[in-house]
Amino acid sequence: MAEIRTIIGDCLSVLDTLPESAFDLIYLDPPFYTQKEHTLTTRDGSATFAFRDLWASHEEYARFLHERLSKLHRTLTYTGSLFFHCDSNAAHIVRLILDQVFGAAMFRSEIVWTYRRWSNANKGLLPAHQTILFYSKSADFKFNTLLTNYSASTNIDQITQRRVRDSRNKAVYARNEQGHVLSSGAKKGVPLSDVWDIPYLNPKAKERVGYPTQKPILLLEQIINLCTEAGDWVLDPFCGSGTTLIASKLLDRNAIGIDIAPEAITLTNSRLRDPVKTVSALLEQGRETYERKETDVFTYLKGLDYHIVQRNQGMDAILKQDIDGKPVFIRIQRPGEKLHEAAMALSDTSRTKGDAHLVLIVTEDNELPFGLEQPVGVTLVRSTALTIKDALCYALRSG
Ligand SMILES: C[S@@+](CC[C@H](N)C(=O)[O-])C[C@H]1O[C@@H](n2cnc3c(N)ncnc32)[C@H](O)[C@@H]1O
């Protein structure tokens, strides 16, 4: 069983008490130089957590990091790696300090963690990524190649057909003596890139514990899987709500977490007793499910101005313009779905959202012949295909 320990204190002094060359992986998510006091209250209002990220200058911040990173470097094994989580506030400063402490040659990757966001309080581009700088202690670092699915745009020939270099060193498809193209063998997938599309924890996620800037367990699992094996040691010197420790426990790695705030350590210990991980529908069902929905909505709503609604079982789109001061919610009947079930799903989802116009696009004639009793409060609109069928029936009858 994994051994997990938490320590209260400034990591600067705690690091002196930890042995040299002991950790296979260090992940740190320190204050980002946001020049803010971060505060958040739990959903039930029972606790408020806070940490300060206010600095006199870039120099002061750089000194703070340099002192701690030097000590962290000492605790890494020869094959170990460090992942430094930051954002555009200080990524440029952090990169320079890491180059000094680890050596520029030990830089491995700048990982872009990207996620979807929907609004921007400031003028300018919507910020939708953070940066994780990956350095190793030596060139002989532990690394597990993780594979991801082929994308929709991957050329099928590149997956299925073996490639070799010809006499001019050009990549060509390998052929046997009869000139037939040879198979590439097992279709393993694409090596994980340095852009990671992992959803941010939404405000209602069960995994959320109310700690400011809490990171998703999925993100930490990916880092741990990349550079460690079961039984290895992981260190998080700014552990906050303990996400790294939870991910380590779930993956059977040993871990130590340090935080200067006693309430962060109390929270980490309680999370460790009963780890909760949110399953991302987006990752489970794949991006394609979302794209399929986009295609469906586009097909049926072409010509209207709408926003697509993801992550909602009851509705598929909302019109950009309110009608009579009320929003317009739209659902497209699913293949094989009974009409009354579709109508119920739409009216259920709208119940908590105030007064709205509800529109159901009927795509199948599996119930209620047109013109008979309709579900209350839901306007039925027949799809173009059904409308054409109706017109043809009428023509047939009257012809
Ligand atoms: C961005 S938060 C970490 C969030 C964490 N990754 C999570 O998922 O919950 C930064 C943490 O660093 C802690 N911290 C700040 N200065 C510290 C120091 N000198 N030593 C240890 N912890 C410190 C803060 O109390 C805060 O919990």
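Cut-off values and rules
Residues numbered from 1 in each chain as written. Predicted model: local features only at pLDDT ≥ 70, side-chain atom pairs only at ≥ 80, totals over all residues. Heavy atoms only, no water. Helix = DSSP H or I, 4+ residues; strand = E, 2+ residues; numbered from the N terminus. Buried < 20%, exposed > 50% of the residue type's maximum accessible area, 1.4 Å probe, protein only. Contact = heavy atoms within 4.5 Å. Areas by Shrake-Rupley, 256 points an atom, 1.4 Å probe, with all protein chains shown as cover. Pairing = 2+ DSSP bridges. Right-handed = clockwise from strand over helix to strand, strands pointing away. Polar contact = N/O pair within 3.5 Å; in protein donor to acceptor, adjacent residues only side chain to side chain. Near = heavy atom within 4 Å. Axes fitted to C-alpha atoms, helices over the stretch in contact; angles between N-to-C directions. Core = buried A, V, L, I, M, F, W, Y, C linked by side-chain atoms within 4.5 Å. Parallel < 35°, antiparallel > 145°, perpendicular 65-115°, else oblique. Left-handed = near helix turned anticlockwise from the far one by under 90°.

**Section: the overall build of the chain**
For the chain, the helix and strand inventory stands at 11 helices and 19 strands. Buried residues in the chain amount to 42% of all 399 residues. Of the contacts formed within the chain by residues at least 6 apart in sequence, a portion of 64% connects residues at least 24 apart. If you sum the accessible surface of the chain, you get close to 22100 Å²; carbon and sulfur atoms cover 53% of it.

**Points about the pairing of strand S17 (residues 328-332)**
A regular strand carries its side chains on alternate faces of the sheet. Across the 5 residues that make up S17, a large majority, 5, are buried. Two elements, strand S16 (residues 317-319) and S17, share 2 bridges in a ladder whose sense is antiparallel. From the neighbouring strand, Ile-318 faces S17, where its bridge partner is Phe-329. Across 5 bridges, the pairing between S17 and strand S18 (residues 357-362) is parallel. Residue pairing for S18: Ile-332 is matched across the bridge by Ile-361. Of the crossover connections in this fold, the one passing from S17 over helix H10 (residues 339-350) to the parallel S18 is right-handed.

**Focus on the environment of Pro-31**
Mapped onto the secondary structure, Pro-31 falls in the loop between strand S2 (23-28) and strand S3 (36-41). Here Pro-31 falls in the buried class, since its relative accessible area comes to 13%. Look past the residues within four positions of Pro-31 in its chain and what remains in contact with it is Phe-51, Arg-52, Asp-53, Trp-55, Tyr-61 and Phe-238.

**Concerning the side chain of Thr-42**
Residue position: Thr-42 is located in the loop between S3 and strand S4 (48-53). Separated by 3.2 Å, the side chain of Thr-42 and the backbone nitrogen of Ser-46 make a polar contact. Apart from residues no more than four positions distant in its own chain, Thr-42 is found in contact with Ala-47, Phe-49, Val-209 and Gly-210.

**As for the site of the ligand**
Neighbouring the ligand are 21 residues; Asp-29, Tyr-211, Ser-241, Thr-243 and Asp-259 lie closest to it. Ser-241 has a polar side-chain atom sitting 2.6 Å from an oxygen atom of the ligand. A distance of 2.7 Å is found between an oxygen atom of the ligand and a side-chain nitrogen or oxygen belonging to Asp-259. About the coverage of the ligand: the protein hides 95% of its 600 Å² of free accessible area.

**Focus: the sheet that holds strand S7 (residues 129-136)**
Sheet architecture is open: 8 strands sit in the order S1-S14-S13-S2-S5-S7-S6-S12, paired in mixed fashion. This sheet does not close on itself; its edge strands, each paired only once, are strand S1 (4-8) and strand S12 (195-197). Pairs of neighbouring strands in the sheet enclose a mean axial angle of 20°, with direction left out of account. By the bridge criterion, 3 bridges tie strand S6 (residues 107-114) to S12 in an arrangement that is parallel. Paired with Thr-114 across the strands is Asp-197, a residue of S12. Across the sheet, helix H6 (residues 243-250) is in contact with S1, S2, strand S13 (233-236) and strand S14 (254-259); its angle to S1 comes to roughly 165°. Set on the sheet, helix H7 (residues 262-273) makes contact with S1 and S14; between it and S1 the angle comes to about 165°.

**Digging into the nonpolar core**
Leu-69, Leu-82, Phe-84, Leu-98, Leu-235 and Ile-258 are the most contacted members of the largest nonpolar core, which has 35 residues in total. Going through the elements one at a time, helix H1 (11-16), S2, helix H2 (58-75), strand S5 (76-86), helix H3 (91-102), S7 and S14 are the ones with two or more residues in this core. The biggest single contributor to this core is H3, with 7 residues. In this view, Phe-84 contacts Leu-28, Pro-30, Leu-65, Leu-69, Val-94, Leu-98, Thr-131, Ile-132 and Leu-133; residues no more than four positions away in its chain are not counted. Ranked by size, the runner-up nonpolar core spans 26 residues in total, among them Ile-111, Ile-132, Phe-134 and Ile-224.

**Considering the packing of helix H5 (residues 217-227) against H6**
With their axes 9 Å apart at the nearest point, H5 and H6 run at an angle of 60° to one another. Taken together, H5 and H6 sit at an angle that is classed as oblique. In this structure, H5 meets H6 at a crossing whose hand is right-handed. When H5 is examined against H6, the residues Ile-217, Leu-220, Glu-221 and Ile-224 are found in contact with a partner set consisting of Thr-243, Thr-244, Ile-246, Ala-247, Ser-248 and Leu-250.

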